[in-house]
Structures are given as structure tokens and as C-alpha cells.
Amino acid sequence: MSVGHMPDHDHGLSLETALEFLNTRELDAGDLVDHLHRPSDARAWFIEQGTLHGDAAEAWSDADLARVRVVREALREVVDAVVEERRPRPIAVDVVNAALASGASTRLELDGATIKVGHRHGAAAVDDALATLASPIVAELASGRPDRFRTCANDTCRWTFFDTSPTGRRRWCDMRTCGNRAKAARHRARLAGVG
Ligand SMILES: [Zn+2]
């Protein structure tokens, strides 16, 4: 008996991409704005990332979008709690656990004399999508470097990101945008002090 090397297909998300999804609700001029307006916005994002079969043609409902938002907020709460070194709200932990439990699960499949690693999908496409979203974040908490989760130091941004820098001292989501803005502000402050 032999074992197939590769799962038949994989719907995984990178940690970076999962955190990007959390930032689909972000600050804009001091107000929180949500870039997921319609259920199809959320569904399209997951299909684009290869997380859902594009042929999973069923449309998502308003209830699906509401679930996406709840799980997104719960994941953000858990990440924020880690960054802020505090206890997350228990309801957020419950929501993340429910999302993990209702998604696709890994299973062995027999193909003649070969064992393949496949998966069984959750009850609905949105179940799979949300479990896939939670997985890389939870995996990082479990066996990665949770101390590298960050919130952008720009108070008008507050994006969540993962610090992969060698020194672990990255403060901004993006040096070119938030980092430069901070640098420019310090520069202006210095000039004002001199003047
Ligand atoms: Zn930022």
C-alpha cells in the first residue's frame, strides 16, 4: 500500500492573507468602515483566495455575511488580546471554536491500493471558508510566534499584521504608508521645534 504525497487539493490560507481579511473592517478618517457590503463581497474574496471551489455556485445570504462579520470580529478580538497581553472576551473564543469545528475536516481516502489525504467539507460553503480563515491564526497561536502579532502604531490605521522582521520591532503595517507618515510627522515636529 502506498500513500499519495499530496492532498487532492488544498484550500488553505496564509497567515498574512487571513490577517488581511481581518482588515476588511478598518478605520477611515477615524470611523470604522466595512468593505464587505454584500454577501457576494465576502464570497468573492474567499473564491479569489482559492479557499472555496468556484463552482460552489450557491449565493451567500445576509445571514452568511452576518456570520462572516461575527467571526471576523472574534478573530480580531483574539489577536488584539494577544497583542495587548490581556484575556480575550470569552464569547470571541467560543465563536472562533465554533468556526473551527464546523469547517472542512481532513480525512483519509482509499484510491485502489493508495491512501490519499482528502477532506470532507462542512455543511455550507461559508462554514468551510470561516474555518479556513481561523486556521492559520489559531495555528500561529498554538505553535508559532504569537508575540509577533501587531497592531499598526498609526492611530488612524490600527491594521493588524504579523511582524516577520528579523529584529521583531516592526511597528507599522507598511513602511511606505504608515511608517512614512509617522516619519514625516516627526520631521514636521522637529522643524516646528527649531522654528
Ligand atoms: Zn498602518
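Structure first, text after, so check above.
Residues numbered from 1 in each chain as written. Predicted model: local features only at pLDDT ≥ 70, side-chain atom pairs only at ≥ 80, totals over all residues. Heavy atoms only, no water.

(A) Region of the structure containing the overall build of the protein. Within the protein, the secondary structure is distributed over six helices and seven strands. When its helices and strands are written in sequence order, the protein yields β-α-β-β-α-α-α-β-β-α-β-β-α. Residues counted as buried form 38% of the 195 residues belonging to the protein. For the protein, the accessible area works out to roughly 11,500 Å², and carbon and sulfur atoms hold 54% of it. (Helix = DSSP H or I, 4+ residues; strand = E, 2+ residues; numbered from the N terminus. Buried < 20%, exposed > 50% of the residue type's maximum accessible area, 1.4 Å probe, protein only. Areas by Shrake-Rupley, 256 points an atom, 1.4 Å probe, with all protein chains shown as cover.)

(B) Summary view of the nonpolar core. In terms of nonpolar packing, the biggest core is built from 32 residues, with L19, F46, W60, V68, L75, L133 and I137 touching the most fellow members. Put simply, the parts of the chain that give this core at least two residues each are α1 (15-22), α2 (39-48), α3 (62-83), α4 (90-102) and α5 (125-143). Those residues within four positions of L133 in sequence are excluded, and the remaining contacts are L13, A18, F21, F46 and L75. In terms of nonpolar packing, the next biggest core, distinct from the first, is built from six residues, C152, C157, W172 and C178 among them. (Core = buried A, V, L, I, M, F, W, Y, C linked by side-chain atoms within 4.5 Å. Contact = heavy atoms within 4.5 Å.)

(C) Layout of α5. For α5, which comprises 19 residues, the first-to-last C-alpha distance of 27 Å matches the rise-based estimate of 27 Å (1.5 Å per residue) to within 8%. A maximum bend of about 30 degrees is found in α5 at S135, where proline P136 lies one to four positions downstream. (Expected span 1.5 Å × (residues − 1). Bend = angle between axes of the 7 residues up to and from the residue.)

(D) Quick peek at the environment of L75. Structurally, L75 can be placed in helix α3. In this structure the C-alpha to C-alpha distance between L75 and V93, which are 18 residues apart in sequence, comes to 8.2 Å.

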